[in-house]
Amino acid sequence: DGGAAAGMSVSPALLDRIMAVMEAAFDPAYGEAWNRRQVADALSMPSTHTLVVDCDGMLIGADDASDRTAGGFVLSRHVLDEEELLLIAVAPGCRRRGVGAILIGQLFSASRKRGVNRIYLEMRRGNPALFLYRKLGFEPIGERPNYYRMANGERIDAITFGRSLE
């Protein structure tokens, strides 16, 4: 599936690329970033997938040994005919170039090949990615009050979104 790693130990080079984007993209105040072990453990499960792209939106394969820099990644998990977008990140220097939309478009394609009919995601209220999600057809379907805890202890609501792939 063209650059997707799933159900295997992820290569150290691909994990390095994912972690570099994660560390650059996520504001520590929100505590949303995963650590290296969490990403590696997730990707060791057969139902978890990743796609990594450069700043031009071109896929970087799991075995790509070049020095290409990752511009963004998506991490997802599927069960039966549903998929959850667990994480998406775009490096700050690659933003406003359509990389996030490319990643989600690639996720839609890969998910359809896995027989997925519906994709879900959850985000904190106030996340600037809301515009992108809405533009790509995600609709709010639920809310979890005070779900996320920020580094300073403040609580933020989670909003759940869904989108059909049919």
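These remarks concern the structure in this document. What you see is a predicted model, and the numbers here were worked out from it, not measured in a lab. (Residues numbered from 1 in each chain as written. Predicted model: local features only at pLDDT ≥ 70, side-chain atom pairs only at ≥ 80, totals over all residues. Heavy atoms only, no water.)

### A closer look at the overall build of the protein chain
To be explicit about the condition: Numbering of helices and strands runs from the N terminus, with a helix taken as a DSSP run of H or I at least four residues long and a strand as a DSSP run of E at least two residues long. For the radius of gyration, the atoms used are the C-alpha atoms, and the globule rule reads 2.2 Å times the number of residues raised to 0.38. Exposed residues in this analysis have more than 50% of their type's maximum accessible area, buried residues have under 20%, and partly exposed residues fall in between, with area computed by a 1.4 Å probe over protein chains only. Surface exposure here means Shrake-Rupley accessible area, sampled with a 1.4 Å probe, where a residue is shielded only by the protein chains that are shown.
A tally of helices and strands in the protein chain yields four helices and seven strands. When the helices and strands of the protein chain are listed from N to C terminus, the series reads β-α-α-β-β-β-α-β-α-β-β. Against the 2.2 N^0.38 benchmark of 15 Å for 166 residues, the protein chain shows a C-alpha radius of gyration of 15 Å, consistent with a compact globule. Dimensions of the protein chain, computed from the C-alpha atoms along their principal axes, are close to 45 × 40 × 30 Å. Scored against the burial criterion, the 166 residues of the protein chain give a buried share of 45%. Total accessible area on the protein chain stands at roughly 8600 Å², and carbon and sulfur atoms take up 51% of it.

### Quick notes on unusual backbone geometry
Of note, Leu80 is a non-glycine position whose phi angle comes to about 55°, a positive value. One non-glycine residue, Asn146, adopts positive backbone phi at about 55°. Position of Asn146 among the secondary structure elements: in strand β6 (residues 139-149).

### Remarks on the state of the cysteines
Our working definition: Put simply, a disulfide is two cysteine sulfurs that come within 2.5 Å.
Enumeration over the complete set of coordinates arrives at one disulfide. The disulfide partner of Cys55 is Cys94, and the S-S distance across this bridge is 1.5 Å. Separated by 39 residues along the polypeptide, Cys55 in the loop between β2 (48-53) and β3 (72-79) and Cys94 in the loop between β4 (82-90) and α3 (99-113) bring together distant segments of the chain.

### Section: the environment of Ile119
Threshold: Any pair of residues with heavy atoms lying within 4.5 Å of one another is described as a contacting pair.
One can find Ile119 in strand β5 (residues 118-124). As a C-alpha pair, Ile119 and Phe26 span 93 residues in sequence and 22 Å in three-dimensional space. Among residues more than four places away in sequence, those in contact with Ile119 are Glu83, Leu85, Leu107, Phe108, Ser111, Phe138, Phe161, Gly162, Arg163 and Leu165.

### Some remarks on the packing of aromatic side chains
How we decide: The aromatic pairing rule takes the rings of Phe, Tyr and Trp, using the six-membered ring of Trp, and pairs them if the centres are within 6.5 Å, calling planes under 30 degrees apart stacked, those over 60 edge-to-face and the rest tilted.
In total, this model carries four aromatic pairs according to the counting rule given. Ring geometry for Phe108 and Phe138: centres 6.0 Å apart, planes at 45°, overall tilted. Of this pair, Phe108 sits in helix α3 while Phe138 sits in the loop between α4 (130-135) and β6, and the two are 30 residues apart along the sequence. Overall, the relative accessible area of 7% leaves Phe108 in the buried class. The exposure class of Phe138 is buried, given its relative accessible area of 0%. For the pair Tyr133 and Phe161, a centre-to-centre distance of 6.5 Å together with 50° between the ring planes defines the contact as tilted. With Tyr133 in helix α4 and Phe161 in strand β7 (residues 155-164), the pair connects residues that are 28 residues apart, well separated along the chain.

### Describing the packing of helix α1 (residues 12-25) against helix α2 (residues 36-43)
Here is the rule: With axes taken as lines fitted to C-alpha atoms, and helix axes fitted only over the stretch in contact, angles between N-to-C directions fall between 0 and 180 degrees. Here the angle decides the label: under 35 degrees means roughly parallel, over 145 means roughly antiparallel, 65 to 115 means roughly perpendicular, and every other value means oblique. Note on convention: near helix rotated counterclockwise from far helix by under a right angle means a left-handed crossing. Clockwise means right-handed.
The geometry of α1 relative to α2 is characterised by a closest axis approach of 10 Å and an angle of 130° between their N-to-C directions. Between α1 and α2, the interaxial angle falls into the category oblique. Of the two elements, α1 crosses α2, and the hand of that crossing is right-handed. When α1 is examined against α2, the residues Pro12, Leu15, Asp16, Ile18, Met19 and Met22 are found in contact with a partner set consisting of Arg36, Val39, Ala40 and Leu43.

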